[in-house]
Amino acid sequence: MTTSKYRNESPNLQVEGIRDYKINISLPDTVIREVQKFKEEFYNQFGTAKYLSSEAHISLNLFRVESIPEITIKKELEQLISDWKEFDVLISDFGQFSNSRTIFLNTSTGDIINLQNHIRTVLRQRVKVAKKYTQALSKPHITIASDINKDQFDNCWNYYKVKKYTHNLVVNKISVFRVNHSLNEAWPKKVFDVLLKQ
């Protein structure tokens, strides 16, 4: 199994058109490698599933815009984050969503949820993104596999629920990804990072 990473591009901050954005917490390389081992283990034990080839991350927010320039989004997020201090996140053992048949790594949630809410407020009040087009993703986590075969899901969960994993990481930046539908982009591209205060 090979791993495909998000594509990177030099920011075109004047870009407009119908665009979907996703804001993630990008993880350090050590955690990415460790999560990739879990994904490879899943593939070897249970076969294919959704997101096995995705680089590990913690999803924060989704939003859609059309006429708002990308440079405006970047400036407002930078202003929001400029006084937001780095914070610790504890990754601890495994969890599951039965409705989407997903196996994931648990993360501590308090600081992440606070950050999500602030980002959503900035998008709605300062960037003027319509409420229906801004979403804070629920239950922060790191996905191992999703949309697992119905007949295998219980066996998968029984396998992972007894496994142990703990890692404490420092969140020092958020990463913003974009799909520009006006340009027929099919894959998310990372367009900029925003650093948290040290």
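Residues numbered from 1 in each chain as written. Predicted model: local features only at pLDDT ≥ 70, side-chain atom pairs only at ≥ 80, totals over all residues. Heavy atoms only, no water.

### A word on the overall build of the protein chain
Keep this limit in mind: The helix and strand labels rest on DSSP assignments: H or I over at least four residues marks a helix, E over at least two residues marks a strand, and numbering proceeds from the N terminus. Every radius of gyration here is taken over C-alpha atoms, with the globule rule written as 2.2 Å times N^0.38, N being the number of residues. A simple rule labels every residue: compare its accessible area, found with a 1.4 Å probe on the protein chains alone, to the largest value its type can have, and call it buried under 20%, exposed over 50%, or partly exposed in between. In short, Shrake-Rupley with a 1.4 Å probe defines the accessible areas, and a residue's cover is counted only from the protein chains shown. Neither His nor the chain ends is counted toward charge; the positive residues are Lys and Arg and the negative residues Asp and Glu. Think of each charge as sitting on NZ of Lys, CZ of Arg, CG of Asp or CD of Glu.
Counting its regular elements, the protein chain contains four helices and 10 strands. Along the chain direction, N to C, the helices and strands of the protein chain fall in the order β-β-α-β-α-β-β-α-β-β-α-β-β-β. On C-alpha atoms alone, the protein chain measures out to a radius of gyration of 17 Å, which is about the 16 Å that the 2.2 N^0.38 rule sets for 198 residues. Counting only C-alpha atoms and orienting by the principal axes, one finds that the protein chain spans roughly 45 × 35 × 30 Å. Relative to its 198 residues, the protein chain shows a buried fraction of 43%. A total of about 10600 Å² of accessible surface is found on the protein chain, and carbon and sulfur atoms cover 45% of it. Measuring between centres, the 29 positive side-chain charges of the protein chain sit 3 Å from its 22 negative side-chain charges.

### As for the pattern of salt bridges
Put simply, the rule reads: By definition, a salt bridge exists where a carboxyl oxygen of Asp or Glu is found within 4 Å of a side-chain nitrogen of Lys or Arg.
Applying the stated rule across the entire model yields 11 salt bridges. Here glutamate 78 ties to lysine 74 by a salt bridge, and the two come within 2.5 Å at their closest N and O atoms. One end of the pair is glutamate 78 and the other is lysine 74, both in helix H2 (residues 70-81) and four residues apart, which spans about a single turn. The class for glutamate 78 is partly exposed, based on a relative accessible area of 31%. The closest approach of N and O atoms between lysine 189 and glutamate 185, which form a salt bridge, is 3.6 Å. Each of Glu70, Arg178, Glu185 and Lys189 takes part in salt bridges that share partners, so that together they form one network.

### Re the confidence of the model for the protein chain
Test applied: Think of pLDDT as the predictor's per-residue confidence, scored from 0 to 100.
Mean pLDDT over the protein chain: 91, with 93% of residues reaching 70 or higher. Mean pLDDT across the secondary structure elements of the protein chain bottoms out at strand E1 (residues 7-8), with 53, and peaks at strand E5 (residues 102-107), with 98.

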